[in-house]
Amino acid sequence: MLSHAQVWAAIDALAERYGMSPSGLAKRAGLDPTTFNPSKRRAGDGRLRWPSTESLSKVLEATGARLEEFMALLEEEGRLQQPARGAGGFSAARSVPLIGFAQAGVGGFFDDGGFPVGGGWEEVAFPEARDPNSYALEVSGDSMLPLYRDGDVIIVSPSASVRRGDRVVVKTLDGEVMAKVLVRKT
């Protein structure tokens, strides 16, 4: 059976495969650019919104992808989203390393690629961590208001591809760690 998350993840994966954002894919398919935005995937009252078969048909035509390619993405997303089951049938969360922003600027916690290494990390449970290299950073202070508040925990996936407009965590050459919006890659 297909899940709501699985269908939307396959659409996102198709957009990425063809070098587009979900908005870019919708626009290329002749749909309103906001059609595939994450904020449109649920109604205001919380009901799930599913893409129509007409929208999916337009997406396949716009990308030149075959239905089999989309179905393979659905199956792949389904395998990635299969939760581990703990006692009582509930999803078992995976633990990811957790460190504070202030500590993150101190040497020894990351390798040159931005992946967590060494000791001194606490652990936090996170059920949807697909990236085995993901980790959590705890925000300290109010310099990132209103987006992030003191004590908020953000999950970082160093192997994720990034696009203009994405929220990213960066470490400057001076060692300062910041969460910012990516404007451009140079």
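It should be noted that the structure appears before, not after, this text.
To keep things clear, this report deals only with the structure shown in the data block. (Residues numbered from 1 in each chain as written. Predicted model: local features only at pLDDT ≥ 70, side-chain atom pairs only at ≥ 80, totals over all residues. Heavy atoms only, no water.)

Focus: the packing of aromatic side chains
- Overall, the coordinates contain 1 aromatic pair when judged by the stated rule.
- Centre to centre, the rings of tryptophan 8 and phenylalanine 36 are 5.8 Å apart; their planes meet at 65 degrees, and the pair counts as edge-to-face. Taken together, the residues tryptophan 8 in helix H1 (residues 4-17) and phenylalanine 36 in the loop between helix H2 (22-28) and helix H3 (53-63) connect sequence positions 28 residues apart. Take tryptophan 8 and phenylalanine 36: they sit in the same class, and that class is buried. (Phe/Tyr/Trp six-rings, centres within 6.5 Å; stacked < 30°, edge-to-face > 60°. Helix = DSSP H or I, 4+ residues; strand = E, 2+ residues; numbered from the N terminus. Buried < 20%, exposed > 50% of the residue type's maximum accessible area, 1.4 Å probe, protein only.)

Observations regarding the nonpolar core
- Ile11, Leu14, Leu25, Phe36, Val59 and Phe70 are the most contacted members of the largest nonpolar core, which totals 20 residues.
- Among the elements of the structure, H1, H2, H3 and helix H4 (67-80) are those that each provide at least two residues to this core.
- Top contributing element to this core by residue count: H1, with 7 residues.
- Excluding anything up to four places from it in sequence, valine 59 contacts Leu14, Leu25, Ala29 and Phe36.
- Leu137, Met144, Tyr148 and Val177 belong to the second largest nonpolar core, which has 10 residues in total. (Core = buried A, V, L, I, M, F, W, Y, C linked by side-chain atoms within 4.5 Å. Contact = heavy atoms within 4.5 Å.)

With respect to the pairing of strand E6 (residues 177-181)
- In this sheet, E6 lies alongside strand E5 (residues 167-171) in antiparallel orientation, the contact comprising 5 bridges. In the sheet register, lysine 171 faces E6, and the bridge partner there is valine 177.
- What sits between the antiparallel neighbours E5 and E6 is a turn of 5 residues, in which glycine 175 has the positive phi angle 95 degrees. (Pairing = 2+ DSSP bridges.)

Digging into H1
- The first and last C-alpha atoms of H1 sit 20 Å apart over 14 residues, in line with the 20 Å expected at 1.5 Å per residue.
- Within H1, 10 of the 14 residues are buried, which leaves it mostly tucked inside the rest of the structure.
- A positive backbone phi angle near 70 degrees is found at glycine 19, which sits one or two residues after H1. (Expected span 1.5 Å × (residues − 1).)

Looking at H3
- Every buried residue of H3 is accounted for by Ser55, Leu56, Val59, Leu60 and Thr63. End-on, the buried residues of H3 take up no more than an arc of 135 degrees, which puts them together on one face. Looking at H3, the residues exposed on the side facing more than 90 degrees away from the buried face are Thr53, Glu54 and Glu61.
- The positive-phi residue at the C-terminal boundary of H3 is glycine 64, with phi of around 80 degrees. (Arc of directions from axis to C-beta.)

Without other data, these values stay purely geometric and don't point to any function.
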